[in-house]
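Fold and geometry: a report
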Amino acid sequence: MTNAPLILNVDCDMYANNSQIVFHAICLLLGSKNEQEVAFVQAPQSFYDGIKDDPFGNQLVALLKYMGEGISGLQGYFYSGTGCFHRRKVLYGLCPDGCMETGGRNPNWIGGKLTDEGLLKSFGHSKEFTKTAERILTGLSGKADCPHDLSSSAEAANQVADCSYACGTSWGYKGIGWMYGSTVEDVLTGLSIHARGWRSAFCKPDPPAFLGCAPSDVPSTLIQQKRWATRLLETLFSKSNPFIATITANLQFRQCLAYIWILSWGLRSIPELCYAVLTAYCIITNSHFLPKRMGRIISTTAWFFGVLNVIIKLLGLSETVFEVTQKNQPSTPGEDNKDADQFTFNESPILVPATTLLFVHLAAMVKALSDLNHGSHELRIGEVICNVWMLLCFSPFLKGLFRKGKYGIPSSTICTSAALAVVFVNLCKRFSIA
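Residues numbered from 1 in each chain as written. Predicted model: local features only at pLDDT ≥ 70, side-chain atom pairs only at ≥ 80, totals over all residues. Heavy atoms only, no water.

1. So, the overall build of the chain
Within the chain one finds 17 helices and nine strands. For the chain, with 434 residues in total, the buried portion stands at 35%. Excluding contacts between residues fewer than 6 apart, the proportion of contacts in the chain whose partners are at least 24 apart in sequence is 76%. When the accessible surface of the chain is summed, it comes to about 26,800 Å², and 61% of that surface belongs to carbon and sulfur atoms. (Helix = DSSP H or I, 4+ residues; strand = E, 2+ residues; numbered from the N terminus. Buried < 20%, exposed > 50% of the residue type's maximum accessible area, 1.4 Å probe, protein only. Contact = heavy atoms within 4.5 Å. Areas by Shrake-Rupley, 256 points an atom, 1.4 Å probe, with all protein chains shown as cover.)

Below, the structure written as structure tokens:
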């Protein structure tokens, strides 16, 4: 019906929310190197009917806010199936160098263009459609000498729209059109385009480019996520695996890792299930999975300083010095020391990390109580419980803040740790990723 060089793809439940989105997309497409770099421009999927705080996780914050902007520096963001501007010639199988996906080895590709037989094999038996495809592939889409007979165009559209038209052609398989074989044809199509060496652009204007309708309840959300996980995992274990595209085609290795991340979403369920039953298993069997108190203290103090000593030695800044372990024995043989299980402290810097962690978690607890007092709805119960657990692990240091003598933490250690905790809290506020 049209020979336009660009195609806008949106779902039926989405609408344009930003009147400038076409302008933004065309700038990205036409501004690439002789139009031989960017294959499509993808806008993030946003929703107009999202529930406050997104309890069902429909907004995909991690994917869009962090992963999307990160992989834009590689070959670009994934094709999401909606809110996307495509180059028609790319969907017709063209590579950045101007050749079809099979390159110069294709006997139907002669002199920079497909033969008549090649056009029919690739695009089907509609002569009118194959003529428009040829014009697109040879860069003549801007010319105006195509027939304007609407009746013949409508007849050709009906022929091409027939369910059996793609049979025996390259549609959906050899880089032409949307890829077949999966209900996540969007990711599979984007992978095919990136594997040819094309890049994509991530367009995230304000206000959002397109808005759509999100699943309205938990069952709908879970069914949608199940469908995604199933088909993405199928792609991971198919011949369209990103690793194969990296070895045999032009998919960059880091872009391959990005695809592996999204395709392996479903595999996360296995460790998640194990983690979910771990606490119940430990209680039922009288076992432990959390480190005991002293294990936590040793790992954050002694082992941490051991790592620092090795790093300093490897950098040639100091030599490792053997330190004699002080061992105290009771003054009278056979006498039990009633304070033997009490923590003692000195001015050694090895105690600074644990004391700093104590101050950090105390500050976090104060903030949590303050948020609760002010009626905040963002109190994170799970994080608060873990925070209390950490305070219990470092309870000997908490007691040491109020004791004196060898059972109390020296003031120099307290001051150093408090200063480090203040720095950490301020850095958290400054570089928050929430």
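Back to the write-up after that little detour.
2. Some points on the nonpolar core
Counting 22 residues, the largest nonpolar core has Ile 71, Tyr 77 and Phe 78 as its most contacted members. Within the residue set of this core, elements represented by two or more residues are α2 (61-71), α7 (185-195), α8 (218-236) and α10 (253-263). Looking at which element gives the most residues to this core, the answer is α10, with six residues. Those residues in contact with Ile 71 that sit more than four places away from it in its chain are Gly 76, Tyr 77, Phe 78, Gln 255 and Ala 258. (Core = buried A, V, L, I, M, F, W, Y, C linked by side-chain atoms within 4.5 Å.)

3. Thoughts on the sheet that holds strand β3 (residues 38-42)
Strand pairing in a sheet is mediated by backbone hydrogen bonds. Such pairs are either parallel or antiparallel. Across the sheet, four strands lie side by side as β1-β5-β3-β8; this open sheet has mixed pairing. For this open sheet the edge positions go to β1 (6-9) and β8 (199-202), each flanked by a neighbour on one side alone. Pairs of neighbouring strands in the sheet enclose a mean axial angle of 20°, with direction left out of account. Strand direction decides the pairing type here: β1 and strand β5 (residues 84-87), joined by four bridges, are antiparallel. Paired with Leu 8 across the strands is Phe 85, a residue of β5. (Pairing = 2+ DSSP bridges. Axes fitted to C-alpha atoms, helices over the stretch in contact; angles between N-to-C directions.)

4. Description of the packing of aromatic side chains
With the rule as written, the count across this model stands at 18 aromatic pairs. Taking 6.5 Å as the distance between ring centres and 35° as the angle between the ring planes, the aromatic pair formed by Phe 343 and Phe 345 counts as tilted. For Phe 345, a relative accessible area of 9% gives the class buried. Aromatic ring contacts, followed pair by pair, group Tyr 77, Phe 78, Phe 202 and Tyr 259 into a single cluster. (Phe/Tyr/Trp six-rings, centres within 6.5 Å; stacked < 30°, edge-to-face > 60°.)

5. Concerning the environment of Leu 251
With respect to the helices and strands, Leu 251 occurs in the loop between α9 (242-248) and α10. With 176 residues separating them along the chain, Leu 251 and Gln 75 place their C-alpha atoms 8.1 Å apart. When residues no more than four places from it in sequence are discounted, the contact partners of Leu 251 are Gln 75, Leu 191, His 194, Ala 195, Pro 242, Ala 245, Thr 246, Cys 256 and Tyr 259.

6. Quick look at the confidence of the model for the chain
Scored by pLDDT, the chain comes out at a mean of 82, with 84% of its residues at no less than 70. Between the elements of the chain, mean pLDDT differs from a low of 54, seen in strand β6 (residues 109-110), to a high of 93, seen in helix α17 (residues 411-430). (pLDDT = per-residue confidence, 0-100.)

7. Examining the packing of α8 against α10
One can describe the packing of α8 onto α10 by two numbers: an axis separation of 8 Å at closest approach and a directional angle of 140°. Judged by the inter-axis angle, α8 sits oblique to α10. Here α8 contributes Leu 232, Leu 233, Thr 235 and Leu 236 to the contact with α10, which in turn contributes Ile 260, Ile 262 and Leu 263. Considered class by class, the residues forming the contact of α8 with α10 number six nonpolar, one polar and no charged. (Parallel < 35°, antiparallel > 145°, perpendicular 65-115°, else oblique. Nonpolar A, V, L, I, M, F, W, Y, C, P; charged D, E, K, R; others polar.)

8. Brief notes about the side chain of Thr 300
Tracing the sequence through the fold places Thr 300 in helix α12 (residues 293-300). Of the polar contacts made by the side chain of Thr 300, one reaches the backbone oxygen of Arg 296; its length is 3.0 Å. A distance of 3.2 Å separates a polar atom in the side chain of Thr 300 from the backbone oxygen of Ile 297. When neighbours within four sequence positions are excluded, Thr 300 is seen to be in contact with Pro 353, Leu 357 and Phe 394. (Polar contact = N/O pair within 3.5 Å; in protein donor to acceptor, adjacent residues only side chain to side chain.)

9. Focus: the sheet that holds strand β4 (residues 46-47)
Spatially, three strands are ordered β2-β9-β4 in an open sheet, and the strand pairing comes out mixed. Each edge of the open sheet is held by one strand with a lone partner, namely β2 (15-16) and β4. Strand direction decides the pairing type here: β4 and strand β9 (residues 210-212), joined by two bridges, are parallel. Residue pairing in the sheet places Phe 47 in a bridge with Gly 212 of β9.

10. Notes on unusual backbone geometry
With an omega of 5°, the peptide bond between Asp 206 and Pro 207 qualifies as cis. Among the structural elements, Pro 207 can be located in the loop between β8 and β9. Positioned with a positive phi, Asn 286 is a non-glycine residue whose angle comes to about 55°. With respect to the helices and strands, the residue Asn 286 is situated in the loop between α11 (269-284) and α12. Using a relative accessible area of 69% as the deciding quantity, one classes Asn 286 as exposed.

11. Regarding a nonpolar patch on the surface
Residues Phe 304, Val 307, Leu 308, Ile 311, Ile 312, Leu 315 and Leu 317 make up a contiguous nonpolar surface patch of roughly 640 Å² in combined accessible area. Turning to its location among the elements, Ile 311 is positioned in helix α13 (residues 302-314). The class for Ile 311 is partly exposed, based on a relative accessible area of 41%. (Patch = residues over 30% accessible without salt bridge, like charges linked within 9 Å, V, L, I, M, F, W, Y side chains within 5 Å. Salt bridge = Lys/Arg side-chain N within 4 Å of Asp/Glu carboxyl O.)

12. Some words on helix α4 (residues 116-123)
Within the span of α4, buried status applies to Gly 118, Leu 119, Ser 122 and Phe 123. Buried positions in α4, seen along its axis, are confined to an arc of 100° and lie on one side of it. Backbone geometry just after α4 places Gly 124 at a positive phi near 95°. (Arc of directions from axis to C-beta.)

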